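Here is what each chain is made of, one letter per residue.
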Amino acid sequence: MKIVVIQGPNLNMLGVREQNIYGPMKLEQIHAQMKDVATQNGVDIEFFQSNLEGEIVDKIQECYGDAQGIIINAAAYTHTSIAIRDAISAVSLPAIEVHISNIHRREDFRAKNMIAPVCTSSVVGFGPFGYHLAMMGMLQIMNEIKAAQEAQAAQQA
């Protein structure tokens, strides 16, 4: 099983930008923690970060047939990108969106969320720990899907 973690614009600047909002942890540290959890659970994990909307759309599409789940922090594109929303919807994979800050307590323009309606779940406002929560959630979802598939196969046998 494979999870793809997709990070949007400016997340490569974590640990440098607005530490009062996003904290001092760097993206590489978050990814290292996620990799540890994936390894402990026998799951492959791939990381991708881009500041470009089209590259994020391409990566989501590449997940079709290659991954069983997506964890995505679309960052600012959360509020503007119909293309990312449509890509998530098109691949029909479980997707969990993560936001380090609580986007509902920030500027008014962040209140509009284009991708939440096509995601399985959202983790918002837990800081970098939100990625760990998303990993736990995705592992649970993947286990439930696997169990349902096994039960269906057993019924057909």
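Residues numbered from 1 in each chain as written. Predicted model: local features only at pLDDT ≥ 70, side-chain atom pairs only at ≥ 80, totals over all residues. Heavy atoms only, no water.

(A) A look at the sheet that holds strand β1 (residues 2-7). The sheet built from 5 strands is open, its strands ordered β2-β1-β3-β4-β5 with parallel pairing. Whereas interior strands pair on both sides, the edge strands pair on one side only; in this sheet they are β2 (44-49) and β5 (121-124). Pairs of neighbouring strands in the sheet enclose a mean axial angle of 15 degrees, with direction left out of account. Where β1 meets β2, 6 bridges bridge the pair, whose relative direction is parallel. In the sheet register, valine 5 faces β2, and the bridge partner there is phenylalanine 47. Along the sheet, helix α2 (residues 27-40) contacts β1, β2 and β3 (69-73); its crossing angle with β2, the most-contacted strand, is approximately 165 degrees. (Pairing = 2+ DSSP bridges. Helix = DSSP H or I, 4+ residues; strand = E, 2+ residues; numbered from the N terminus. Axes fitted to C-alpha atoms, helices over the stretch in contact; angles between N-to-C directions. Contact = heavy atoms within 4.5 Å.)

(B) Geometry of α2. With 14 residues, α2 extends 20 Å between its outermost C-alpha atoms, agreeing within 8% with the 20 Å of an ideal straight helix rising 1.5 Å per residue. Residues of α2 that are buried: Leu27, Ile30, His31, Met34, Val37 and Ala38. The arc enclosing the buried residues of α2, seen along the axis, measures out at 120 degrees, which places them on a common side. Along α2, the residues that are exposed and aim more than 90 degrees away from the buried face are Glu28, Thr39 and Gln40. Considering only its buried residues, α2 is in contact with β1, β2, β3 and α5 (129-156). (Expected span 1.5 Å × (residues − 1). Buried < 20%, exposed > 50% of the residue type's maximum accessible area, 1.4 Å probe, protein only. Arc of directions from axis to C-beta.)

(C) Examining helix α3 (residues 53-62) more closely. When we look at burial in α3, the residues that qualify are Ile56, Val57, Lys59 and Ile60. Looking down the long axis of α3, one finds its buried residues gathered within 160 degrees of arc, a one-sided arrangement. Next to the buried residues of α3 lie β1, β2, β3 and α4 (82-91).

(D) Broad picture of the packing of α2 against α5. The contact between α2 and α5 brings their axes to 10 Å, and the two run at 25 degrees. When the axis of α2 is compared with that of α5, the two are roughly parallel. The hand of the α2/α5 crossing is right-handed. Contacts between α2 and α5 involve Ile30, Met34, Val37 and Ala38 on the former and, on the latter, Tyr131, His132, Met135, Met136 and Leu139. (Parallel < 35°, antiparallel > 145°, perpendicular 65-115°, else oblique. Left-handed = near helix turned anticlockwise from the far one by under 90°.)

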